[in-house]
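# Results of the structural survey
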Amino acid sequence: MAKTHSRTTNTIYNFTTSIGGQLLSILMQFVTRTVFIHTLGKSYLGIGGLFNNILYMLALAEFGVGSAILFKLYDPIAKQDHHRIAILMKFYKNVYRVIGIVIGCLGLCMIPFLPRIIKDYSRLETLQINAVLIFCMYLFRIVSSYLFFAYKTAIIKAHQKEYLLNLISYLFTIGLAVVQIISLVMFKNFILYVALSVLEVIVRNIICARISDKMYPYIKEHTDEKLGSAEIREIVKDCMALFLYRMNQVVLKATDNMVISAFLGLESVAVYANYVIFYNTVNSLFSKIYNSVSHSLGNLHTIHDEKREYQVFKSFNLITAILGGTAGVGLAVVADEFVNVWVGSEWVIPQPFAVLLGIEVYTLALRQQLIKYRTTMGLFQQAKYRPVASMIINLVVSILLVKNWGITGVLVGTVVADWTTTMWYDPIIIHKYGFRGVVSVSQYFLRLATYSVLVAAIGGVDWLICSHFLTGLGWFSVIIHAGICAVSVPAFLVAFAFRTEEGQYVWKLFLNQAKVFGKKLKRR
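The notes below deal with the structure included here. Model, not experiment: these values are computed from the prediction. (Residues numbered from 1 in each chain as written. Predicted model: local features only at pLDDT ≥ 70, side-chain atom pairs only at ≥ 80, totals over all residues. Heavy atoms only, no water.)

### What about helix α14 (residues 353-376)?
Every α-helical turn comprises 3.6 residues, leaving residues that sit three or four positions apart pointing alike. Its 24 residues give α14 an end-to-end C-alpha distance of 34 Å, which sits within 8% of 34 Å, the value for a rise of 1.5 Å per residue. In terms of burial, α14 is largely enclosed, as 21 of its 24 residues are buried. (Helix = DSSP H or I, 4+ residues; strand = E, 2+ residues; numbered from the N terminus. Expected span 1.5 Å × (residues − 1). Buried < 20%, exposed > 50% of the residue type's maximum accessible area, 1.4 Å probe, protein only.)

Encoded structure:
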């Protein structure tokens, strides 16, 4: 049986492993991409990014089952109802197997449409790039996640021990990067490069499944009992609402490359990809951070203490503003300089693209926090049509602007869609149904406006400093300018919020956990 920790300790473990391992993973990803660019070039980089995004869209077939089941697991875990957990996990397994088959079939049906999606498809044939084979390999990679025991990780997440999955993920990510770099240098073979990533997914899922079985052996309990039809209907209803939310996330993230590929070509996708790697890296970091706390938030929600929950919510608003603000300002100020030093000036996209990317990354942090809170509160139905508006706005604005504004126009569509839908509507839903009117949503919007103005002001000052201080010195300039952003944003926000209730809460939490870990170190 797995050892139990407090909700706060689990959160700290999850948070720490999310930050620490992710930084090393980020470094390895940049090294891998650098080797990739110099060995295979823009066409392969563009097609890889495009296929990843197409198949990310196919993952819509998951219908939000994972989130719905996680929410269902919180209560039986709190009650230690192992039989109930076993029934839910059996249902989860069966649904995931079906989803894997559906995604595989949908992917195969897309093959005839590849020439329409890829503007310069005929050029790929000239370069002897087998687009169909590569697409099928990417398809098998995503299908294998559903077929090879990935569902078993849900029990670890629901028990607030995602730090174990983080550690395994980082080990495999770093190991894969090393092996892929060696294969690129020695063989310069894209097929081998993709095959290695498929193998990594399969082996990692099998190992995580065995760890789940060892920690929670009761999930293997044989039972003929099934969920009742009424409960299945309830899960399906929640999944349909989650499908719209998930579809919105996919459209915001995945359709950008498709629009760029269809209107501008694969080389533009490759140039865009070198900036999107920043977004994806930060997105992955934020996802792991918020996933590390979401299961603790779900556990907290089961005790129905809205005042306590709201205090935690305010504290995470501050933490989110610090993390998102730092990442957003850093990208707006340093992204162009980084790309120029990293791969050359021909890969740089003119401003205001980097500034817009910084705004979108800041928005991403805020959006992910809202989504996690809404999901852990079980608020699946209350805003299910909001994603539809967001999708329509994103696609319409992106397509209208891409012809005249190029890649920048596509990013404008994403930013506009976020701020005209999610950023004002989800807070209303959370305060109305999650906190049940304990406090007015206007207080949230006031904090959001205050934090956003501060981040923008700090970003403007950092921009002026970094534009005139230690410029043109290669990586030294990049490191110094990134350091300025990394220090200035947290310092000013912490100083501003230190005397507030949420500022004191975060500070006391930090001191308490420092004492706990200090005592553990002394014992050793």
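### Quick notes on the side chain of lysine 314
Among the structural elements, lysine 314 can be located in helix α13 (residues 306-343). Classification of lysine 314 by relative accessible area gives buried; the value is 9%. Engagement of the side chain of lysine 314 in a polar contact is seen with the side chain of glutamate 501, the distance being 2.6 Å. With residues near it in sequence (within four places) discarded, lysine 314 still touches Arg447, Glu501 and Glu502. (Polar contact = N/O pair within 3.5 Å; in protein donor to acceptor, adjacent residues only side chain to side chain. Contact = heavy atoms within 4.5 Å.)

### Considering a nonpolar patch on the surface
On the surface, a nonpolar cluster with roughly 640 Å² of combined accessible area is contributed by Val178, Val179, Ile182, Val185, Met186, Phe187 and Leu192. At six residues, helix α9 (residues 162-187) tops the list of elements feeding residues into the nonpolar patch. Along the chain, valine 185 falls in helix α9. (Patch = residues over 30% accessible without salt bridge, like charges linked within 9 Å, V, L, I, M, F, W, Y side chains within 5 Å. Areas by Shrake-Rupley, 256 points an atom, 1.4 Å probe, with all protein chains shown as cover. Salt bridge = Lys/Arg side-chain N within 4 Å of Asp/Glu carboxyl O.)

### Notes on the pattern of salt bridges
Opposite charge on two side chains permits them to pair, given that their charged atoms come into close proximity. According to the stated counting rule, one finds nine salt bridges in the structure shown. The partner of lysine 314 in a salt bridge is glutamate 502, and the shortest N-O contact between them spans 3.9 Å. Here glutamate 502 lies in helix α19 (residues 501-523) and lysine 314 lies in helix α13, a separation of 188 residues in the sequence. Of the two residues, lysine 314 and glutamate 502, neither departs from the other in class, the shared state being buried. Close ionic contact of glutamate 360 with arginine 367 constitutes a salt bridge, the shortest N to O distance being 3.3 Å. Classification of glutamate 360 by relative accessible area gives buried; the value is 1%.

### As for the packing of helix α17 (residues 441-468) against helix α18 (residues 475-497)
Packing of α17 against α18 brings their axes to within 10 Å, and their N-to-C directions diverge by 150 degrees. Judged by the inter-axis angle, α17 sits roughly antiparallel to α18. Crossing of α17 against α18: the hand is right-handed. Note on element contacts: α18 touches α17 through His481, Ile484, Cys485, Ser488, Val489, Phe492, Leu493 and Phe496, opposite Thr450, Tyr451, Leu454, Val455, Ile458, Asp462, Ile465 and Cys466. (Axes fitted to C-alpha atoms, helices over the stretch in contact; angles between N-to-C directions. Parallel < 35°, antiparallel > 145°, perpendicular 65-115°, else oblique. Left-handed = near helix turned anticlockwise from the far one by under 90°.)

### Some words on unusual backbone geometry
Trans is the prevailing form of peptide bonds, just as negative phi is the prevailing case for residues other than glycine. Of note, the amide linkage connecting glutamine 351 to proline 352 takes the cis form, showing an omega dihedral of 15 degrees. The backbone of glutamine 80 sits at a positive phi, close to 55 degrees, despite the residue not being glycine. With respect to the helices and strands, glutamine 80 occurs in the loop between α3 (65-79) and α4 (82-110).

### Topic: the packing of aromatic side chains
Summed over the entire model, instances satisfying the criterion amount to 24 aromatic pairs. Ring plane angle 65 degrees and centroid distance 4.7 Å describe the contact between tyrosine 92 and tyrosine 96, whose orientation is recorded as edge-to-face. Placement of the pair is tyrosine 92 and tyrosine 96 together in helix α4, with a separation of four residues, close to one helical turn. Judged by its relative accessible area of 5%, tyrosine 92 falls in the buried class. Geometrically, the ring pair formed by phenylalanine 338 and tryptophan 475 is edge-to-face, given 5.1 Å between the ring centres and 80 degrees between the ring planes. Pair noted here: phenylalanine 338 is in helix α13 and tryptophan 475 is in helix α18, with a separation of 137 residues, a long-range link. On the accessibility criterion, phenylalanine 338 (18% relative accessible area) is buried. (Phe/Tyr/Trp six-rings, centres within 6.5 Å; stacked < 30°, edge-to-face > 60°.)

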